[in-house]
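# Breakdown of the fold
Here is what each chain is made of, one letter per residue.
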Amino acid sequence: MGKKFSFLILVLLIVMPAVMAYQTEVTVKTAPDMLVSISVTDPSTDDKLFNAFERVDSSGVYSESVPTGIKVFNIKVKVQDNKNVILGSEEIENYNAGEPLVLDFAKKAENTTQ
């Protein structure tokens, strides 16, 4: 029994890090009813890891928990209005997974909606 339990623990210690995903909380501040797109890619292969395209609610804040299987990634965030006019965008290369990211497009969006 003891050897089987020790073997099971050893297997779990080896396998768990390989299947563990990193979660990065991305928060985008903008004017209400804007469209936010988030695109995450692998910097070494340019493979897409995550995409989201959502309308911001009346609070003007959009948050997304971005899962990745790698420690470092590239991220592009874009904010546009209902007419698909881009109000702002930000591209960050080699971002560390697990670190919260807050981007504030609120002033730029408010200036264009007035």
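None of these values were measured; they are calculated from a predicted model.

What counts and what doesn't
- Residues numbered from 1 in each chain as written.
- Predicted model: local features only at pLDDT ≥ 70, side-chain atom pairs only at ≥ 80, totals over all residues.
- Heavy atoms only, no water.
- Helix = DSSP H or I, 4+ residues; strand = E, 2+ residues; numbered from the N terminus.
- Buried < 20%, exposed > 50% of the residue type's maximum accessible area, 1.4 Å probe, protein only.
- Core = buried A, V, L, I, M, F, W, Y, C linked by side-chain atoms within 4.5 Å.
- Contact = heavy atoms within 4.5 Å.
- Pairing = 2+ DSSP bridges.
- Axes fitted to C-alpha atoms, helices over the stretch in contact; angles between N-to-C directions.

Among the structural elements, aspartate 46 can be located in the loop between β2 (35-41) and β3 (48-55). For aspartate 46, a relative accessible area of 56% corresponds to the exposed category. Taking the C-alpha atoms as reference points, aspartate 46 and phenylalanine 73, separated by 27 residues in sequence, lie 9.3 Å from one another.

Judged by nonpolar contacts, the single largest core of 23 residues is most densely connected at Val36, Ile38, Ile75 and Val77. When residues of this core are traced back to their parent elements, those giving at least two are β1 (22-29), β2, β3, β4 (61-68), β5 (72-80), β6 (86-96) and β7 (101-104). The element contributing the most residues to this core is β5, with four residues. Each residue touching isoleucine 75, except ones within four places of it in the same chain, is listed here: Val26, Ile38, Ser39, Val40, Glu90, Glu91, Ile92 and Leu101.

For the rest of this paragraph, the subject is the sheet that holds β1. With respect to topology, three strands assemble into an open sheet ordered β4-β1-β7, the strand pairing being mixed. Across the chains shown, the open sheet's two edge strands, defined by having one partner strand only, are β4 and β7. Looking at each pair of strands side by side, their axes are set apart by 20 degrees on average, direction ignored. Relative to β4, β1 is paired through eight bridges, and the arrangement is antiparallel. Residue glutamate 25 lies in a different strand from β4, and its bridge partner there is serine 65.

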